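Given next are the chains, with one letter for each unit.
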Amino acid sequence: MVEPAVIGTKNVIVAAAEAKVRRVVFTSSIGAVYMDPNRSPDDVVDESCWSDLEFCKNTKNWYCYGKAVAEKAAWEEAVARGVDLVVVNPVLVLGPLLQSTVNASIIHILKYLNGSAKTYANSVQAYVHVRDVALAHILVYETPSASGRYLCAESVLHRGEVVEILAKFFPEYPIPTK
């Protein structure tokens, strides 16, 4: 999972440099940003934050590890090749799917609808609509002053709020209440 992400990312930056592309907008993830057990809960998580790679490896969180390593590789390759790179780091993305299969983001909601989750976690999750993520990419591409990383989030909801919303729209489903 990690090696193809890093190699693919480097290949895209190299190809962009060779084609003299004006700007590359790279889609990373909040997973490259927030996984750090040493960060205080009172600290603000922003674009300067990076996931702790050792923590991700030790906890076998290969998604966050891979996203952080791939993004770091993009930055290194872009600097080495003089490519103008801007990164969008979306939180959990929801909305219409392009593919016919369910992705990991949708499973986050589906588990509350199909009965596989009997309870919900006492935690919060940040969400963003897929169309807002697409618009964020366009905005950072078209804005000459855009640089660095941009977190892309719309709402932060407690899981209890999420199940309340789902219960309102889908009362016939086994939505957890605890």
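Rules of the game
Residues numbered from 1 in each chain as written. Predicted model: local features only at pLDDT ≥ 70, side-chain atom pairs only at ≥ 80, totals over all residues. Heavy atoms only, no water. Pairing = 2+ DSSP bridges. Helix = DSSP H or I, 4+ residues; strand = E, 2+ residues; numbered from the N terminus. Axes fitted to C-alpha atoms, helices over the stretch in contact; angles between N-to-C directions. Contact = heavy atoms within 4.5 Å. Buried < 20%, exposed > 50% of the residue type's maximum accessible area, 1.4 Å probe, protein only. Arc of directions from axis to C-beta. UniProt positions renumbered as here; feature names shortened; annotations may be inferred. Phe/Tyr/Trp six-rings, centres within 6.5 Å; stacked < 30°, edge-to-face > 60°. Lys NZ or Arg CZ within 6 Å of the ring centre and 35° of its normal.

- As annotated in an unreviewed UniProt entry, the chain is NAD-dependent epimerase/dehydratase domain-containing protein from Citrus sinensis.

Some thoughts on the sheet that holds strand β6 (residues 155–158)
Next, step 1: Overall, mixed pairing links the three strands, which are arranged β3-β4-β6 in an open sheet. Each of the sheet's edge strands pairs with one partner strand only, and the pair in question is β3 (92–94) and β6. Going across the sheet, the axis of each strand differs from the next one's by a mean of 45°, ignoring polarity.
Next, step 2: Of the strands in this sheet, β3 and β4 (124–129) are in contact with helix α5 (residues 130–142), which crosses β4 at around 65°.
Next, step 3: The strands touched by helix α6 (residues 159–169) within the sheet are β4 and β6, with β6 carrying the most contacts at an inclination of about 90°.

Here we look at α6
Next, step 1: Burial in α6 covers these residues: Arg159, Gly160, Val162, Val163 and Leu166. Across the axial projection of α6, the buried residues extend over an arc of 155°, all falling on one side. Turned more than 90 degrees from where α6 packs its buried face, Glu164, Lys168 and Phe169 sit exposed.
Next, step 2: As for α6, its buried residues are in contact with α4 (104–113), β4 and β6.

Topic: the UniProt feature "domain: NAD-dependent epimerase/dehydratase" (unreviewed entry) in the chain
Next, step 1: Under the UniProt annotation, the feature "domain: NAD-dependent epimerase/dehydratase" (unreviewed entry) is placed at residues 5–147.
Next, step 2: Annotation note: span residues 5–147, helix share 44%, strand share 13%, distance between end C-alpha atoms 22 Å.

Considerations on the packing of aromatic side chains
Next, step 1: With the rule as written, the count across this model stands at two aromatic pairs.
Next, step 2: Note on Trp62 and Tyr65: the rings are 5.8 Å apart at their centroids and 90° apart in plane angle, and the pair reads as edge-to-face. With Trp62 and Tyr65 both in helix α3 (residues 62–81) and three residues apart, this pair spans about one turn of that helix.
Next, step 3: Accessibility expressed as a relative area gives 37% for Trp62, which makes it partly exposed.
Next, step 4: Where Phe170 meets Tyr173, the ring centres are 5.8 Å apart and the plane angle is 85°; that geometry is what we call edge-to-face.
Next, step 5: Exposure remark for Phe170: the relative accessible area of 33% places this residue in the partly exposed category.
Next, step 6: For Tyr173, a relative accessible area of 39% gives the class partly exposed.
Next, step 7: For Lys72, the ring lying beneath its charged end belongs to Trp50, and the centroid distance is 4.5 Å.
Next, step 8: The cationic tip of Arg149 hangs over the ring face of Trp50; the distance from NZ or CZ to the ring centre is 3.7 Å.

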